Amino acid sequence: MGIEVYRDSWGIPHIRAAGHRELAYAQGHNAAFDRGWQLEVERHRAAGTSAAFLGEAAREWDVFARRVRLDDTARRCFRRLAKEDRETAGWVSSYVDGVNAGLAEGAARAPEFAATGLAPGRWSPWTPLAVWLSTHILFAGFPAKLWRLMVAGHLGAGAVDLFATDGPGTAGSNGWLVSGERTADGGALIAGDPHRFIENPGVYQQIHLACPEYDVVGFAVPGVPGLPHFGHAGGVAWAITNAMADYQDLYRERLRRRAGRIEALGPDGWRPTAAHTETVEVAGAAATGVEVVETGRGPVIAEVPGSAADGEWEALSLRYPPRVYGELGFTALPALLRAREVGDVDAALDRWVEPVNVVLAADTAGGLLHRVAGTVPVRDEANLRGVVPAWEAAYAWRGRHGPMPSVPVAGGIAVMANERGAAAPFGAEFAPPYRAERIRELLAGGASWRAGDMAAVHTDTLNAAARPLLDLLAGLDGLGPAAAQLRDRLLRWDLRMAAESTDALAYARLRSAVVRALAAHPALAPLADPPPYPALLRPWLDLRTRIGYALGSLLTTDRLPEIDRPALVRAAAEEAAAQLAAAPDAPATWGEAHRLAPWQALPGGTGASGDPGGPGEPWPGLAGDHDCVLATAAVPGVTDLCARGPAARYVWDVARREESRWVVPFGACGVPGAPHHLDQLAPWRRGELIPVLTDWQALKESHGDR
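So, how was this worked out
Residues numbered from 1 in each chain as written. Predicted model: local features only at pLDDT ≥ 70, side-chain atom pairs only at ≥ 80, totals over all residues. Heavy atoms only, no water. Buried < 20%, exposed > 50% of the residue type's maximum accessible area, 1.4 Å probe, protein only. Helix = DSSP H or I, 4+ residues; strand = E, 2+ residues; numbered from the N terminus. Contact = heavy atoms within 4.5 Å. Arc of directions from axis to C-beta. Phe/Tyr/Trp six-rings, centres within 6.5 Å; stacked < 30°, edge-to-face > 60°. Lys NZ or Arg CZ within 6 Å of the ring centre and 35° of its normal. Pairing = 2+ DSSP bridges. Axes fitted to C-alpha atoms, helices over the stretch in contact; angles between N-to-C directions. 1 Å grid on protein atoms, 1.4 Å probe; cavity = no way out; pocket = protein on both sides within 12 Å on 5 of 7 lines; lining within 4 Å. Points joined across faces, edges and corners; volume = space filled by probe spheres on them. Nonpolar A, V, L, I, M, F, W, Y, C, P; charged D, E, K, R; others polar.

S.K.: I would appreciate a short explanation of helix H15 (residues 467–474) in the present structure.
M.R.: One turn of an α-helix holds 3.6 residues; hence residues three or four places apart share an orientation. Three or more residues of H15 are buried, namely Pro-468, Leu-469, Leu-470, Leu-472 and Leu-473. The secondary structure elements touched by the buried residues of H15 are helix H16 (481–492), helix H17 (502–520), helix H19 (551–556) and helix H20 (565–582).

Below, the structure written as structure tokens:
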């Protein structure tokens, strides 16, 4: 049979090969052909060399990647994989061989290479591990520990939990399972949507992979073999969300120079560090020298300003499981592809490491799974909450938690939406319960669900998080005429963040005014000072962003008595009413203001004129908001634009795979101007899903290789 590649009417690749290794090669080759620019950007980001062709905007990331030793950690993990699981290491290497064989052709299709002068490079066997690690190194949100440190310093330790919420840099997701007792056909359904920063090209690639051992559809991460997060293998299907677990630690280090070497103070006294200097090249600007230092805890990611005294200084080091254990969990990837039932998925995920996920799975025999998967170190509770001193033995790691918990699927429904649930023992901050509660409410209202019904859940725009602010607004009197009209209007609002809603926009204007007022209040204003940490970490440390996502808590707490909330909301209502009246040419609906703003390695992209994102063409407006099930996140008080949201949507019909559905924000191909570059944007925006095709004969006869 060799290798066969077919494409359906959406350009989605369906790849069939004579064997497991040949299929990995073909998947890598296809990724290079369809996503060559994306793959090379990710390879360079993992190596800390992307600023050499992307310029100043990439400098901070490259410095961080060098300091945290992403590429070296990937090499370490691959060496262990090759030693302990030669079969999986060979499978990863076959994928890399395919990437290298296809990159030249893929680069010739992608205009970004010519625009930046970048020539395609060569992938190493560990590069997929580096790409995976680079993509997920910030998933556990370790910078939030710096934020907690800042809050405790200004407001006291008791105020830290007021800001505890799904943070601005943490990617979440929705996922739900409906067992056969609640479906029309008696087979389970699994559905959901991973929430990540929206990237163009997208971080997920729809793909169909088959060989004599298995036949699986799902979402691949370009640059990584297999289907790590979402897949349907015919008899069993699986999906994940971010568990919101805390598995990375920040240590406060004391450093000094002795005899030309840097030493760090640990529990056993002063010990030499591993240190060397690297250079980050920056297109169009001066290069940056980076001193890479690693203590017994981990790599140093930042110095503490103003800490130098008597020849010593302080810094922050990051300890994270792949660096400590030399594992990412890639042994699980081929095992997932070969899964036939829930027990196989469960056993495969026992080997998972990074990131820590909540998993749902179901099979055609009625098996159900709801569990946590990944590695969480055992250590002191203080490690989860903030920065701990490196020189005290009490904060050392003491092995790993295990086995990771499973929970029953009660009442035929299981929901995972980053809330405090199965992973509660392992985290410090979780998402507010609004999304999870709303999904359960919607699912409980039906008893004969079909795959096609799930789009209504995906696209639900009820914003229950608005109630605390509206409750305060309802108690106000003595408002000016325009503000009173705004109050009355919002109290009649249906709480839907619909794209066509003028009321949703009015609420967003009021919310932003409240956020700005809180940020300017003397009780909180000191937290607005620029933090003395790398700019890369500032999204976690920005006061307005933190207030916007924790607004409900801040408006209902009694722990900040110095803030007169009714007076503050009164002033904000007057401001918002005046703003709405004074800007007749401003957006009139939420969708006109709440536009998609995807991350692109080249700002502005190279899209064709007339395409969204192309020259002079704005990206479309969206429904939804951060705490809606349709979680298209704006940053209240900062921007109405949406940079984070559903990076894919899916419905796995476990018993009838041909009834499954999926969609991504842009398209199957990463090449600007290609027919399948943006063809899924319109259905994604409307909340529609497209069919999952699995019939090889129909693919061959109707679509062929194109």
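S.K.: I'm lost on helix H11 (residues 342–349) in this one. Help?
M.R.: Considered for burial, the residues of H11 that qualify are Val-342, Val-345, Ala-348 and Leu-349. Buried residues of H11 fall within an arc of 125° about the axis and therefore sit on the same side. Residues of H11 that are buried sit in contact with strand S8 (236–242), helix H10 (332–337), strand S16 (357–363) and strand S17 (368–373).

S.K.: Before we go on, may I ask you to explain the environment of Pro-665 in this structure?
M.R.: Take Pro-665: it is sitting in the loop between strand S23 (661–663) and helix H22 (681–686). When the C-alpha positions of Pro-665 and Val-203 are compared, they lie 9.8 Å apart, and in sequence the two are 462 residues distant.

S.K.: What should I look at first to understand the packing of aromatic side chains in this one?
M.R.: Applying the stated criterion across every chain yields a total of 20 aromatic pairs. On the numbers, 4.9 Å between centres and 45° between planes, the contact of Phe-230 with Tyr-650 is tilted. With Phe-230 in strand S7 (residues 230–232) and Tyr-650 in strand S22 (residues 649–653), the pair connects residues that are 420 residues apart, well separated along the chain. Given the relative accessible area of 1%, Phe-230 is considered buried. Note on Tyr-650: relative accessible area 0%, which makes it buried. One aromatic cluster is present, built from ring pairs that chain together Tyr-204, Phe-219, Phe-230, Tyr-650, Trp-652 and Trp-662. Seen from the ring of Trp-270, Arg-256 lies directly overhead, with NZ or CZ sitting 4.1 Å from the centre. Across from the ring centre of Tyr-325, 3.8 Å away, lies the NZ or CZ of Arg-400, which sits over that ring.

S.K.: Sorry if this is basic, but what is going on with the sheet that holds S17 here?
M.R.: To summarise the sheet geometry, strands pair through backbone hydrogen bonds and adopt either a parallel or an antiparallel arrangement. Pairing is mixed across the open sheet formed by 8 strands, whose spatial order is S1-S2-S5-S6-S7-S8-S16-S17. Bordering the open sheet on either side are strand S1 (3–7) and S17, each of which pairs with just one other strand. With strand direction ignored, the average angle separating the axes of adjacent strands in the sheet is 20°. Strand direction decides the pairing type here: strand S2 (residues 13–17) and strand S5 (residues 205–211), joined by 3 bridges, are parallel. Paired with Arg-16 across the strands is Ala-210, a residue of S5.

S.K.: Can you walk me through the pairing of strand S3 (residues 173–178) in this structure?
M.R.: The element S3 is extensively covered by neighbouring structure, given that 6 of its 6 residues are classed as buried. Of the two faces of S3, the one lined by Ser-173, Gly-175 and Leu-177 and the one lined by Asn-174, Trp-176 and Val-178 are each fully buried. Strand direction decides the pairing type here: S3 and strand S19 (residues 413–416), joined by 4 bridges, are antiparallel. Within S19, the position partnered with Leu-177 by the bridge is Ala-414.

S.K.: Help me understand the layout of surface pockets, please; the structure alone is not making it clear to me.
M.R.: Rolled over the atoms, a probe as big as a water molecule pinpoints where empty space is left. Of the volumes computed, that of the largest pocket is approximately 1400 Å³. Listed by contribution, the elements that provide at least two residues to the lining of the largest pocket are helix H1 (20–47), helix H3 (59–68), helix H7 (127–136), strand S4 (189–197), helix H18 (543–549), strand S20 (633–635) and strand S21 (639–646). Here the lining of the largest pocket takes 4 residues from S21, the largest share from any one element. For the lining of the largest pocket, the residue count by class is 29 nonpolar, 8 polar and 7 charged.

S.K.: How should the environment of Val-629 be read in this particular structure?
M.R.: Note on placement: Val-629 falls in the loop between helix H21 (590–593) and S20. A residue is classified by how much of its surface remains accessible, and Val-629, at 1% relative accessible area, is buried. Sequence separation of Val-629 and Asn-463 is 166 residues, and the distance between their C-alpha atoms is 8.4 Å. Excluding residues that lie within four positions of it along the chain, Val-629 makes contacts with Asn-174, Asp-193, His-195, Arg-435, Arg-438, Ile-439, Val-457, His-458 and Asp-460.

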